[in-house]
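Overview (structure and organization)
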Amino acid sequence: MTGNDLTGKKVVIIGGTAGIGLAAAQAAAAAGAQVWVAGRSQEHIDNAKALANGAFEVRQADTHNEQELEAIFKEVGTIDHLVSAAVGGERTLKPFLEQTEDQFKAAFDKLWGYGKVVRTGAPYLASDGAITIVSGSPARKVAIGQSPLSCVGAAVENMSRCLAVEMAPIRVNVVSPGTVNTAMFDFMGEQKQANLSAMTANHLIKRAGTSEEVAAGILFVMQNKFVTGTTVDVDGGRLLS
Ligand SMILES: NC(=O)c1ccc[n+]([C@@H]2O[C@H](COP(=O)([O-])OP(=O)(O)OC[C@H]3O[C@@H](n4cnc5c(N)ncnc54)[C@H](OP(=O)(O)O)[C@@H]3O)[C@@H](O)[C@H]2O)c1
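Quick caveat, the model's predicted, so the values are computed rather than measured. (Residues numbered from 1 in each chain as written. Predicted model: local features only at pLDDT ≥ 70, side-chain atom pairs only at ≥ 80, totals over all residues. Heavy atoms only, no water.)

Here's the deal with the overall build of the chain
Scanning the chain for helices and strands turns up 8 helices and 7 strands. Over its C-alpha atoms the chain spans a radius of gyration of 17 Å, differing by no more than 12% from the 18 Å that the globule rule assigns to 241 residues. Oriented by its inertia axes, the alpha-carbon framework of the chain measures out at about 45 × 40 × 35 Å. Counting all 241 residues of the chain, 51% fall into the buried class. Long-range contacts, defined as pairs at least 24 residues apart, comprise 70% of the intrachain contacts of the chain with a sequence gap of at least 6. When the accessible surface of the chain is split by element, carbon and sulfur atoms take 55% of a total near 11,500 Å². Of the side chains in the chain, 21 bear a positive and 24 a negative charge, and the two mean positions are spaced by 4 Å. (Helix = DSSP H or I, 4+ residues; strand = E, 2+ residues; numbered from the N terminus. Rg over C-alpha atoms; globule rule 2.2 N^0.38 Å. Buried < 20%, exposed > 50% of the residue type's maximum accessible area, 1.4 Å probe, protein only. Contact = heavy atoms within 4.5 Å. Areas by Shrake-Rupley, 256 points an atom, 1.4 Å probe, with all protein chains shown as cover. Lys, Arg positive; Asp, Glu negative; His and termini not counted. Charge placed at Lys NZ, Arg CZ, Asp CG, Glu CD.)

With respect to the packing of helix H3 (residues 66–76) against helix H5 (residues 109–121)
The geometry of H3 relative to H5 is characterised by a closest axis approach of 10 Å and an angle of 45° between their N-to-C directions. Here H5 runs oblique to H3, going by the angle between their axes. The crossing of H3 and H5 is right-handed. Where H3 abuts H5, its residues Glu66, Leu69, Glu70 and Phe73 lie against Lys116, Val117, Thr120 and Gly121. A per-class count over the contact of H3 with H5 returns 3 nonpolar, 2 polar and 3 charged. (Axes fitted to C-alpha atoms, helices over the stretch in contact; angles between N-to-C directions. Parallel < 35°, antiparallel > 145°, perpendicular 65-115°, else oblique. Left-handed = near helix turned anticlockwise from the far one by under 90°. Nonpolar A, V, L, I, M, F, W, Y, C, P; charged D, E, K, R; others polar.)

Describing the packing of aromatic side chains
All chains considered together, the criterion is met by 3 aromatic pairs. Their ring planes at 85° and their centres at 5.1 Å tell us that Phe96 and Phe104 sit as a pair that is edge-to-face. Residue classification places Phe96 among the partly exposed positions, given a relative accessible area of 47%. Judged by relative accessible area, which is 18%, Phe104 ranks as buried. By way of ring pairs, the aromatic residues Phe96, Phe104 and Phe108 are connected into one cluster. (Phe/Tyr/Trp six-rings, centres within 6.5 Å; stacked < 30°, edge-to-face > 60°.)

Some thoughts on the side chain of Lys192
Along the polypeptide, Lys192 turns up in helix H7 (residues 192–200). Classification of Lys192 as buried rests on a relative accessible area of 12%. Engagement of the side chain of Lys192 in a polar contact is seen with the side chain of Asp186, the distance being 2.7 Å. Setting aside residues no more than four positions away along its own chain, Lys192 makes contact with Asn181, Thr182, Ala183, Phe185 and Asp186. (Polar contact = N/O pair within 3.5 Å; in protein donor to acceptor, adjacent residues only side chain to side chain.)

Some details on unusual backbone geometry
For the bond running from Ala168 to Pro169, omega is 10°, close enough to zero to count as cis. Along the chain, Pro169 falls in the loop between helix H6 (147–167) and strand S6 (171–177). One non-glycine residue, Asn53, lies in the positive phi region at around 50°.

Topic: the state of the cysteines
With the rule as written, the count across this model stands at 0 disulfides. The closest cysteine sulfur to the non-disulfide-bonded Cys151 is located on Cys162, 17 Å from its own sulfur. Cys162 gets classed as partly exposed once you look at its relative accessible area, which sits at 44%. (Disulfide = S-S within 2.5 Å.)

Quick look at the environment of Glu68
Turning to its location among the elements, Glu68 is positioned in helix H3. Classification of Glu68 as partly exposed rests on a relative accessible area of 23%. Discounting chain neighbours no more than four positions away, the residues touching Glu68 are Gln60, Ala61 and Asp62.

Rendered as structure tokens:
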């Protein structure tokens, strides 16, 4: 028995107004949970509200703003599942030596934001609650120009393992997407589809993943009460390509 039914469970997804977090919200709501999602921009908030159509709550919060996070956590009360799926920092995709120190440091805003989500949310977690943190395949797959992604991803994964040990029996897991077709790549404009195809051409599964496929990984670690301190890769085999 894994207890797949999330009926009556309260789920908060920071970074849940688009992409992977939004798909996880839809999946959790479909599994019976009461769900709150949060993000920064009004555009994503409006889209998420339209998609939710009342099935889950949508709020405004930045991972770097303790007051905004706390307001949501207070509203929820006791949290069964806290998910952090925000991008949370500016990444400069250039070789390490071509970046300024400030550019390199900026990627670590993801780690500081995730840390704030956990620190602020922890007092509200149920005693059998769980934290799920979204990292990414660059944490364990290096590529030229991706040192910021790799370094912050590795830090996020290790922070999660430390938390799993320190916060047990609260469960803490990482879900690590490969290349997934989300708004994260919208900056590519008309080149987005062609670029995603090129980026995944040598992966074992030769396409970008979907948010729904990664959300299924998030639901797995939320629902299986014997899983903690682990990383679930949903990456089309990128790590082996
Ligand atoms: N897509 C991929 O290929 C891929 C690969 C590896 C790892 N990941 C990781 O997976 C996670 C989800 O990415 P995604 O592809 O779903 O991205 P996405 O489609 O851009 O969605 C990111 C979500 O996080 C919110 N967000 C970003 N910064 C935030 C902040 N500081 N505070 C609160 N919310 C914030 C965004 O809304 P606002 O911008 O309006 O705040 C949005 O709701 C990220 O951690 C990303 O690094 C993605």
